[in-house]
There are 2 protein chains.
Amino acid sequence: MMLVSRVAALSFVSLPNRTLFSSPSSLFPPVRLRNSRMASFSPVRASAQKLQKPDELIDSVETFIFDCDGVIWKGDSLIDGVPQTLDMLRSKGKRLVFVTNNSTKSRKQYGKKFETLGLNVNEEEIFASSFAAAAYLKSIDFPKDKKVYVIGEDGILKELELAGFQYLGGPADGDKKIELKPGFYMEHDENVGAVVVGFDRYFNYYKVQYGTLCIRENPGCLFIATNRDAVTHLTDAQEWAGGGSMVGAIRGSTQKEPLVVGKPSTFMMDYLSNKFGILKSQICMVGDRLDTDILFGQNGGCKTLLVLSGVTNLQMLQSPDNNIQPDFYTNKVSDFLTLKAAAV
Amino acid sequence: MMLVSRVAALSFVSLPNRTLFSSPSSLFPPVRLRNSRMASFSPVRASAQKLQKPDELIDSVETFIFDCDGVIWKGDSLIDGVPQTLDMLRSKGKRLVFVTNNSTKSRKQYGKKFETLGLNVNEEEIFASSFAAAAYLKSIDFPKDKKVYVIGEDGILKELELAGFQYLGGPADGDKKIELKPGFYMEHDENVGAVVVGFDRYFNYYKVQYGTLCIRENPGCLFIATNRDAVTHLTDAQEWAGGGSMVGAIRGSTQKEPLVVGKPSTFMMDYLSNKFGILKSQICMVGDRLDTDILFGQNGGCKTLLVLSGVTNLQMLQSPDNNIQPDFYTNKVSDFLTLKAAAV
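All figures in this text were calculated on a predicted structure; none of them were measured in a lab.

1. Some thoughts on the overall build of chain A
- Each helix and strand counted, chain A has 12 helices and 18 strands in total.
- With 344 residues in all, chain A has 59% of them scored as buried.

2. Quick word on the UniProt feature "binding site: substrate" (unreviewed entry) in chain A
Residues and elements named next belong to chain A.
- Feature annotation in UniProt places "binding site: substrate" (unreviewed entry) on Lys263, given in this structure's numbering.
- A residue is classified by how much of its surface remains accessible, and Lys263, at 2% relative accessible area, is buried.
- Once you skip the residues sitting within four places of it in the chain, Lys263 turns out to touch Asp67, Val99, Thr100, Asn101, Asp229, Met268, Met285, Thr292, Asp293 and Phe296.

3. Some points on the relation of the copies chain A and chain B
- Least-squares fitting of chain A to chain B yields an RMSD of 0.0 Å, with the superposition described by an axial translation of 0.1 Å and a rotation of 180°. Those values place the two copies in the arrangement expected of a two-fold rotation axis.
- Interface residue correspondence from chain A to chain B reaches 98%, placing this contact among same-surface, isologous pairings.

4. Some remarks on helix H6 (residues 154–162) of chain A
All names here are of chain A.
- All of the buried residues along H6 are Gly155, Ile156, Leu157, Glu159 and Leu160.
- Packed against the buried residues of H6 are helix H4 (107–116), helix H5 (129–139), strand E9 (147–151), strand E10 (166–169) and strand E11 (192–197).
- At the C-terminal side of H6, Gly164 shows a positive phi close to 85°.

5. Remarks on the interface of chain A and chain B
- Each partner contributes residues to the interface: chain A has 45 residues there, and chain B has 44 residues.
- Note on chain A versus chain B: buried area summed over both sides is about 3,900 Å², and carbon and sulfur give 57% of it.
- For the pair chain A and chain B, the number of links is 2 salt bridges.
- Two residues, A:Lys177 and B:Asp175, come together in a salt bridge whose shortest N-O distance is 2.9 Å.
- Here chain A is connected to chain B by 14 residue pairs in polar contact (both at pLDDT 80 or more).

6. What about the nonpolar core?
- A:Val195, A:Val197, A:Tyr205, B:Val195, B:Val197 and B:Tyr205 are the most contacted members of the largest nonpolar core, which has 52 residues in total.
- Every residue in contact with B:Val195, bar those within four places of it in the chain, is listed here: B:Tyr149, B:Gly211, B:Cys214, B:Ile215, B:Cys221, B:Leu222, B:Phe223 and B:Ile224.

7. Side note on the sheet that holds strand E3 (residues 49–50) of chain A
All names here are of chain A.
- Taken in spatial order, the 7 strands line up as E3-E18-E17-E16-E4-E7-E8 in an open sheet, and their pairing is parallel. Where the open sheet ends on each side, the last strands, each with one partner, are E3 and strand E8 (126–128).
- In terms of strand pairing, strand E17 (residues 303–307) meets strand E18 (residues 328–330) through 3 bridges, oriented parallel. Counted as the bridge partner of Leu305 is Phe328 from E18.
- Each of strand E7 (95–100) and E8 is contacted by H4, which is oriented at about 125° to E8, the strand it contacts most.

8. Things to note about the pattern of salt bridges
Residues and elements named next belong to chain A.
- Counted according to the given criterion, the structure contains 34 salt bridges over all chains.
- Glu257 is the partner of Arg228 in a salt bridge, and the nearest nitrogen-oxygen pair spans 3.3 Å. Note that Arg228 is positioned in the loop between strand E12 (222–225) and strand E13 (231–232) and Glu257 in the loop between helix H8 (243–254) and strand E15 (259–260), a separation of 29 residues in sequence.
- For Glu257, a relative accessible area of 23% gives the class partly exposed.
- Of the charged contacts in the structure, one is a salt bridge between Asp293 and Lys263, with a shortest N-O distance of 2.6 Å. Remark: Lys263 occurs in the loop between E15 and helix H9 (267–276) and Asp293 occurs in helix H10 (residues 290–299); sequence separation between them is 30 residues. A single burial state applies to Asp293 and to Lys263, both of which are buried.
- Salt bridges here are not isolated pairs; linked through shared partners, they connect Asp67, Lys263 and Asp293.

Thresholds, definitions, all that
- Residues numbered from 1 in each chain as written.
- Chains lettered and ligands numbered in written order.
- Predicted model: local features only at pLDDT ≥ 70, side-chain atom pairs only at ≥ 80, totals over all residues.
- Heavy atoms only, no water.
- Helix = DSSP H or I, 4+ residues; strand = E, 2+ residues; numbered from the N terminus.
- Buried < 20%, exposed > 50% of the residue type's maximum accessible area, 1.4 Å probe, protein only.
- UniProt positions renumbered as here; feature names shortened; annotations may be inferred.
- Contact = heavy atoms within 4.5 Å.
- Least-squares fit on C-alpha atoms with pLDDT ≥ 70 in both.
- Buried area = accessible area lost by both parts, 1.4 Å probe.
- Salt bridge = Lys/Arg side-chain N within 4 Å of Asp/Glu carboxyl O.
- Polar contact = N/O pair within 3.5 Å; in protein donor to acceptor, adjacent residues only side chain to side chain.
- Core = buried A, V, L, I, M, F, W, Y, C linked by side-chain atoms within 4.5 Å.
- Pairing = 2+ DSSP bridges.
- Axes fitted to C-alpha atoms, helices over the stretch in contact; angles between N-to-C directions.

What follows is the structure, given as structure tokens:
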């Protein structure tokens, strides 16, 4: 029944110029790319159920994919009961994976954040969208003699470097300005074969024009977005304009749609599923955002659990304007423990 | 016949979240806003005719609206035969209006450009999108005790000032950076009631976040775009990322659609039609771009003439991918003179 409505959603969506996520690698069959705005086209799904029997959910899946911010931590503070919950799941033999759309850090840099918070997480279990960008380029055998132009921060550069790709741009272009004189012409590197766009505090017109020139003028140049999130959590004090603004700017000047590698596109899900040989129906996606996390899980054909410890509250979930219904919802991940205890 | 196909196009378009251009002023009845992407939805129109009898066109209209770049001038050079053509049209009692999506200059500043090029054009005949933004705010009686946050250059500030509106942002925020410390909070002015976004070479993350906060957090705050052009002509040497990038960034972070006051939205056409009491069927829009100028003319119910002296060539016009067909096309505006001479 749920699968049917998902298929219905797909066939209903027929926006023009939709980019297909096609990859030459057999690991990644072509998948229709989605973005958060598509949520508004989804048919109404059955309402989410309040999680009451966590054991049933735990027993029915092999892998839990956790979003980080709003689920594991908020800013720099661990959410109550997280270490004990993760320990319990590991003790039951569950595979744990941590996925984040934040591209400003690399896997290694994220690993340090987990360590600082006292969480025992392996680098291999962490999938940030910075890593996803590099993994995507690897998956399509992006030529090593081509270059990547980066609009984004350090995490993307680190992952590209680890994957052996040449890059330019990023923080190095943060202070560049265009001093206009009549006839001024901006040169660009014709060997750039991909522009990767992620969140960038040092975003400027130089980068917009450089990235636009590459995408418009270098034949076959890819436009890859780490994510299109409207909002990010630079600090806890307020919501900050997210990677969606940088991607929106390049979309506005190129009139092209990006290939999105972060949530809610299914690239990371496909990658995980292939890497670990997991059936998607045996994955549960746990997140705090409807239009990225839950949609990501649903797009991938997984079970979904919304936690109310982040940006979504019960009112937003139950609003008639919301068409994205997870399978289950609960207050926070440690409800896995308290509900179990209550059920004994 | 043409009117029918235009109406059909309107009813066919039913994208979600489409912003209605509603104005409380009786001068400006609510008009459905359009943007260049909508062009792909237009039904196929009759192919454009090559202009052969300019007198018939001239006699059938009262007003000519000219786009500037690619029609009147290219960069800093006047296009051949323009002064003589304008003189001829004036001698026949035609009203001439010059419309540009470029918001970096005010009407007054544009007037100087015309003067420098030896063209005798009155400031009142010039409609830049900087002026359109201020005129739109006037048309809706935007309160004088509210402020406008500007992402854009000097032209917008000048026009807001002339119209008596308070503003902040613009070039003054061009060097501002966000130095992140944990818990950092960006204050914003709660009296900002509109964010005007235009082309801005000094675009940065500070402006994106400030504009986004105003639109998201100030009740009823408007998001006004001078234009959404993918490309602008900062210099003749190459194409430059246009106002569409700045607008795309704010759209990406607010997930709201802008009210567009420049071409191809019909605001300026409605304004002109009301100001001068012109019937739209007696206007001919002359431009070099299909998705702004010609669509602008068609959206307004005017006759349209494409000149091939700018960004569009005959191959682009006749491509099967192009759904925007002007009524007529010709090489350049001075064909009005040469074709007349040939016809004698």
